Amino acid sequence: MKMFKSFPGLLFFIAAAAVMLLAGGSAEAKVRVVTSTPDFAAIAREIGGDRVDVESLSKGYQDPHFVDAKPIYITRLNRADILVYNGLDLEIGWLPILVTGARNSDIATLNSPGNVDASRFLTFVLDVPTGPVDRSMGDVHPRGNPHYMLDPRNGLLVAKGITEKLSGIDPENAAYYEENYRNFEKLLETRISEWSKELAPYKGTKVVSYHKNLDYFTRWAGFVDAGYVEPKPGIPPTPSHVAALIKKMEAEDVKLVLASNFYPQKTPRIISEKTGAVFLSIPTSVGGEEGINTYFDLFDAIVGQITSALGSGSGAAGSGSSMRNG
Ligand SMILES: [Zn+2]
């Protein structure tokens, strides 16, 4: 209250406040969007443009199953108008405790106006268990495979859902969000058909992945999943599993081993050396590598790395060369 002691001071304050309202009023009114992972943040930025403030809690080079819950995240969630998260229990180990700690009724529960479980925008979920799930199955995701953002068509569904949510919370800017969505849709559809064309020559390529987080990608790309470096989801590779996998890969002539770049590289590298398959350590989220700032950049990087590796390596069968990356 010190600043109101003198009348001229108060006048100045009022004048300054008026100027701020006229000039920068929109800055005050920005919708605050917090996302669990950078892919949702990238899409929220495309749709929200300059009407939103967007922050992702995790980084693209982190394993989204395990994120260190920092106190600053609680502050961010406390101020959020909207929380966009993956759902299907991907963030179950770290996000719920933060949301509880944030005490923000706008995002607190599934029924809160700003609580956006992006998996609800999907048309299908892979690997939904048909029977009961128990610990012997590994760290299985009981509501199905949560790694759906690696099918670029799902990015479109999520963008549409975020558009509707932003328009509902900030109806004054609904037309703006809608226009941004149409531009995003047009561009993403164009790029999806380009990426598909680039991948087309490699349809049917057999792939071994580290974790089951590439299944949506391989399905979209027309690849065939031939096994996993993890014996069960979330369980580190064992010597007996690796030996069996190498045998299977040799019998089935598997040419490609893929791992998100946050997974340990040693075992996939050994498998690649023993089988002659190409090993690629790839970014699987926006921010996963330097220069990947948008959802488009992400697929440019993944598709580019895979097609150039297969294009240069697949001709020389059994050459034993392994691709080093990252
Ligand atoms: Zn997973």
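1. As for the overall build of the protein chain
Regarding its fold elements, the protein chain presents 10 helices and 8 strands. Taking all 326 residues of the protein chain together, 40% fall into the buried category. Partitioning the intrachain contacts of the protein chain with sequence separation of at least 6 by distance along the chain shows that 62% fall at a separation of at least 24.

2. Examining the packing of helix H8 (residues 239–252) against helix H9 (residues 266–275)
The interhelical angle for the contact between H8 and H9, taken along N-to-C directions, is 40°, at an axis separation of 10 Å. As far as their axial angle goes, H9 and H8 are oblique. In this structure, the crossing between H8 and H9 has a hand that is right-handed. Contacts between H8 and H9 pair Val242, Leu245, Ile246, Met249 and Glu250 from the former with Thr267, Ile271, Lys274 and Thr275 from the latter.

3. Let's talk about the pairing of strand S8 (residues 278–282)
Of all 5 residues making up S8, 5 are buried, and the element is well covered by its neighbours. Burial of the side chains of S8 extends over both faces: Val278, Leu280 and Ile282 are buried on one face and Phe279 and Ser281 on the other. The sheet contact formed by strand S7 (residues 256–260) and S8 spans 5 bridges and is parallel. For Val257, the partnering residue across the bridge sits in S8 and is Phe279. Crossover S7 to S8 through H9 is right-handed.

4. A word on the environment of Ala221
Within the secondary structure, Ala221 sits in helix H7 (residues 215–221). Accessibility expressed as a C-beta count within 10 Å gives 24 for Ala221, which makes it buried. As for Ala221 and Leu199, which are separated by 22 residues in sequence, their C-alpha atoms are 6.4 Å apart.

5. Looking at the nonpolar core
With 74 residues, the main nonpolar core has Ala44 and Val84 as its most contacted residues. When residues in this core are grouped by element, the largest group, 7 residues, is from helix H10 (residues 295–313). Composition of this core by domain shows at least three residues from each of domain 1 (11–193) and domain 2 (198–313).

6. A look at the sheet that holds strand S3 (residues 82–85)
Overall, parallel pairing links the 4 strands, which are arranged S2-S1-S3-S4 in an open sheet. Only two strands of the sheet have a single partner each, and these edge strands are strand S2 (52–56) and strand S4 (115–117). Going from strand to strand, the sheet's axes swing by 20° on average, the running direction of each strand aside. Docked against the sheet, helix H5 (residues 152–169) engages strand S1 (31–35), S3 and S4, running at close to 170° with respect to S3.

7. A look at the confidence of the model for the protein chain
Of all residues in the protein chain, 87% attain a pLDDT of 70 or more, and the chain-wide mean is 90. pLDDT under 50 marks residues 314–326. Its contacts with residues more than four places away, or in other chains, come to 20 contacts.

8. Quick word on the sheet that holds S7
Strand order in this open sheet of 4 strands is S6-S5-S7-S8, and the pairing throughout is parallel. Looking at the sheet topology across the chains shown, the edges are occupied by strand S6 (224–228) and S8. Strand-to-strand, the axes of this sheet are offset by a mean angle of 30°, without reference to chain direction. Inspection of the sheet shows strand S5 (residues 206–209) paired to S7 by 3 bridges, in the parallel sense. Along S7, the bridge assignment pairs Val208 with Val257. Its contacts with the sheet put H8 on S5 and S6, and the angle it makes with S6 is roughly 155°.

9. What about the environment of Ile162?
With respect to the helices and strands, the residue Ile162 is situated in helix H5. Separated by 114 residues in the primary sequence, Ile162 and Gly48 place their C-alpha atoms 8.9 Å from one another. The contact partners of Ile162, leaving out residues within four places of it in the chain, are Ile43, Ala44, Ile47 and Val84.

10. Considerations on helix H2 (residues 38–48)
The element H2 is largely enclosed, with a buried count of 11 among its 11 residues. Residues Pro38, Asp39, Phe40, Ala41, Ala42, Ile43, Ala44, Arg45, Glu46, Ile47 and Gly48 constitute the buried set of H2. One or two steps after H2, the chain reaches Gly49, where phi turns positive at roughly 50°.

11. Describing the environment of Thr238
Mapped onto the secondary structure, Thr238 falls in the loop between S6 and H8. Taking the number of C-beta atoms within 10 Å as the measure of exposure, Thr238 has 13 and is therefore partly exposed. Separated by 29 residues in sequence, Thr238 and Thr267 have C-alpha atoms that sit 9.5 Å apart.

Parameters and conventions
- Residues numbered from 1 in each chain as written.
- Predicted model: local features only at pLDDT ≥ 70, side-chain atom pairs only at ≥ 80, totals over all residues.
- Helix = DSSP H or I, 4+ residues; strand = E, 2+ residues; numbered from the N terminus.
- Buried ≥ 20, exposed ≤ 12 C-beta atoms within 10 Å, placed from the backbone.
- Contact = placed C-beta atoms within 7 Å.
- Axes fitted to C-alpha atoms, helices over the stretch in contact; angles between N-to-C directions.
- Parallel < 35°, antiparallel > 145°, perpendicular 65-115°, else oblique.
- Left-handed = near helix turned anticlockwise from the far one by under 90°.
- Pairing = 2+ DSSP bridges.
- Right-handed = clockwise from strand over helix to strand, strands pointing away.
- Core = buried A, V, L, I, M, F, W, Y, C linked by C-beta atoms within 7 Å.
- Domains from an automatic or database assignment.
- pLDDT = per-residue confidence, 0-100.

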